[in-house]
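Residues per chain, in single letters:
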Amino acid sequence: MIEISGLRVEDTAGRAVLENLSLRVAEGERVAVVGESGAGKTTLAMALVGAVRRGLRVAGGTVTVDGHDVLTASGTEVRRVRRRVLAYLPQDPPSALSPTLRVRAQIRELAADRSDAAVSRGLVEVGLPGDRAFLRRYPHQLSGGQQQRLALARLLAGDPRGLVLDEPTTGLDGLVRKQVLDQLDRLSAGRGLAVVFVTHDLAAAARMTDRLIVLRGGVVVEEGPTARVLARPAAAYTRDLLAAVPDLPAEMRRRAATPVRGAEVLTVSGLTVPRGGRIVLDDVSLRLRAGEALALLGTSGCGKTTLARAVVGTLRPSSGRVTLSGEVLEPTLGRRPVHQRRRMQLIPQDSGGSLNPRRPVGAAIGRVVRLAGGMTAEAVAAETRRLMGLVGLPGELASRLPRELSGGQRQRVAIARALAAGADVLVCDEITSNLDAQVAASVLALLDSLRRTLGLAVLIVTHDLGVIARNADRVAVLSGGRIVEEGTVEQVFGNPRHEASRMLLDAARPVTAAADVP
């Protein structure tokens, strides 16, 4: 069904993004493409549907789908291939949906059968409600997992024979991720779809695919049956990828008891946040000490990000209070004095979105340094270089724009900027969810090192149990806007008392288990 031969894609400087890549995918076969950020995975995925990103060009080779060379075909022919032969699901579900169209219209736009009954069946097939109320919703009224499945239902409505899935599990919590993978597995097997699964989630690749291709720097470094590659990788690079994946049982075995004796820095008391006629946070209380890492764990929609925003002051609670080293904070950020704002900094999930795309990253850090006052331009530049070195960034990157840095480098810039403010409390909101395993591991190691050497208090918002096992001292489990369980990581993960905790732990499976490797 798919045949790529000698494909070379270059950037504007003539550097190869994909180098002499060849690949065949048969009808009904499921192939995973894995590798770190910048390996060329998304470039390959988009080339399969006849699209090459701006700033790149095809310098050689062919991409044939169902007998059509999609790199030279007309626009009309390529659109027909995308709709009826090989559909593409991008990493960001909202980008595949029209924000002004209701669910019914989203499905009907591509559907071979446009009847309401067929639309409802398509939604139920991907695990969504097919009732009239759901059909009338807009994408923004759905959770991330629901948006992902709606985008999938929209593509499947065109009855394609294959799917290209670009990081379909990124940003999903363990339970929703399991639901999405279950649906994809059942649908691809039931319909006999060819699947090209682009991912840095090795456990998902193990669960979903027959064959694994490992990309590094645009070159295939290993290829073979998924179970064999994961159990007995031949390439050192593949072994490095596997070693970087947080394996919950292994991380728990490696944990060392390191009691935190610092003073209490952050106190949250009785925080309640209503929204849209319902209570999103209900009487939540927390304590965080200097040098301690506390993880907030829960499914999508449980209130984790709402709590983080209420703590840093970008969302006003209806009741409750936040205290920083004994000082009661104003509920909104704009009313807090500068010294309080500087001490508590948010590291967002999308670090690129928090940086000015037109200003060099060094200027973003230097601006915060300069606001402290009393420093010459030379001193500001020197402090900027020191902070970049502290987070593992070479000084020459200071002149680069955010788009010229990798995702992991941008996260390090965000951390350096927070340190420039003099923060002693960091609120980290899903900071590794968009990063591949190796880059995520390096960012987490940096954060842990800074916490221990500088005595930072860290509030980690995450759905990744491996991250918690690797980086947190304590964990608070949120469900339905309330903290239903709290304790050390060993206590909660070793003997979960609440059903919500048990469900989250059951949804986490190591790579080798997911692959069912003998």
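All figures in this text were calculated on a predicted structure; none of them were measured in a lab.

A. How the structure looks around the environment of Glu10. Tracing the sequence through the fold places Glu10 in strand 1 (residues 2–11). Sequence separation of Glu10 and Leu89 is 79 residues, and the distance between their C-alpha atoms is 24 Å. For Glu10, the residues in contact, after removing those within four places along its chain, are Arg15, Ala16, Val17, Gly55, Leu56, Arg57 and Ala59.

B. Region of interest: the packing of helix 7 (residues 174–191) against helix 20 (residues 499–507). In the contact formed by helix 7 and helix 20, the axes pass within 8 Å of each other and the chain directions differ by 50°. By the angle between their directions, the pair helix 7 and helix 20 is classed as oblique. Regarding helix 7 and helix 20, the two cross each other, and that crossing is left-handed. Counting all contacts with helix 7, which are made through Gly174, Leu175 and Arg177, the residues of helix 20 involved are Met503, Leu504 and Ala507. The residue makeup of the contact of helix 7 with helix 20, split by class, is 4 nonpolar, 1 polar and 1 charged.

C. Just the sheet that holds strand 1, in detail. The antiparallel open sheet is built from 4 strands, whose spatial order is 2-1-4-5. A single partner strand is all that each edge strand has here, and the edge strands are strand 2 (16–25) and strand 5 (68–69). Relative to strand 2, strand 1 is paired through 6 bridges, and the arrangement is antiparallel. Bridging from a neighbouring strand, Ile2 pairs with Val25 of strand 2.

D. The arrangement of the domain arrangement of the protein chain in detail. Assigned domains of the protein chain: these are domain 1 (2–245) and domain 2 (264–513). Taking the mean C-alpha position of each, domain 1 and domain 2 sit 31 Å from one another. Between domain 1 and domain 2, the residue contacts involve 23 residues of the former and 17 residues of the latter. A combined buried area of about 1,700 Å² lies between domain 1 and domain 2, and 60% of that area is made up of carbon and sulfur atoms. Of all residues in domain 1, Asp173, Leu175 and His200 bury the most surface against domain 2, accounting for 30% of the area lost on that side. Taken together, the links from domain 1 to domain 2 amount to 0 salt bridges.

E. A look at the layout of surface pockets. Quantified by volume, the second largest pocket comes out at close to 820 Å³. Those elements that provide at least two residues to the lining of the second largest pocket are helix 7, helix 8 (202–208), helix 11 (248–254), helix 17 (437–454), helix 18 (465–471) and helix 20. Its residues placed into classes, the lining of the second largest pocket shows 20 nonpolar, 11 polar and 11 charged. Viewed by domain, the lining of the second largest pocket spans two of them, domain 1 (2–245) and domain 2 (264–513), each represented by three or more residues.

F. Summary view of the sheet that holds strand 16 (residues 344–347). With respect to topology, 6 strands assemble into an open sheet ordered 16-17-18-13-19-20, the strand pairing being mixed. The open sheet has two edge strands, strand 16 and strand 20 (482–488), and neither has a second partner. When strand polarity is set aside, the average angle formed by the axes of neighbouring strands in this sheet is 15°. Where strand 13 (residues 293–297) lies against strand 19 (residues 474–479), 4 bridges are found, and the strand directions are parallel. Residue Ala295 lies in a different strand from strand 19, and its bridge partner there is Val475. Strands strand 13, strand 16, strand 17 (425–429), strand 18 (457–462) and strand 19 of the sheet are contacted by helix 12 (residues 304–312), whose axis makes an angle of about 150° with strand 18.

Quick notes on the rules
Just so you know, the residues in each chain are numbered from 1, in the order the chain's sequence is written. Thresholds applied to this predicted model are a pLDDT of at least 70 for local features of residues and 80 or more for the giving and counting of side-chain atom pairs; totals over whole chains, interfaces and linings are not thresholded and use all residues. Side-chain calculation: all heavy atoms of the structure are included, whereas hydrogens and water are not. The secondary structure listing takes helices from DSSP runs of H or I that are at least 4 residues long and strands from runs of E that are at least 2 residues long, numbered from the N terminus. Contacts: residue pairs with any heavy atoms within 4.5 Å of one another. Angles shown run from 0 to 180 degrees and are taken between the N-to-C directions of axes, each axis being a line fitted to C-alpha atoms and, for helices, limited to the stretch in contact. Our angle categories are set so that under 35 degrees counts as roughly parallel, over 145 as roughly antiparallel, 65 to 115 as roughly perpendicular, and the remainder as oblique. In this scheme, a crossing is called left-handed if the near helix is turned counterclockwise away from the far one by less than a right angle; it is called right-handed if the turn is clockwise. In the scheme used here, Gly and all other residues not listed as nonpolar or charged are polar, with Ala, Val, Leu, Ile, Met, Phe, Trp, Tyr, Cys and Pro taken as nonpolar and Asp, Glu, Lys and Arg as charged. Between any two strands, at least two bridges found by DSSP are needed for them to pair. Source of the domain bounds: an automatic or database domain assignment. Accessible-area loss on putting two parts together, using a 1.4 Å probe and summing over both, is the definition of buried area adopted here. The working definition used for a salt bridge is a side-chain nitrogen of Lys or Arg within 4 Å of a carboxyl oxygen of Asp or Glu. Grid points spaced at 1 Å and placed over the protein atoms alone form the basis of the search, with a cavity being a set where a 1.4 Å probe fits but cannot get out and a pocket an open set showing protein on both sides within 12 Å along at least five of seven lines. Lining residues have an atom within 4 Å of a point. Grid points are joined across faces, edges and corners, and a volume is the space filled by probe spheres set on the points.

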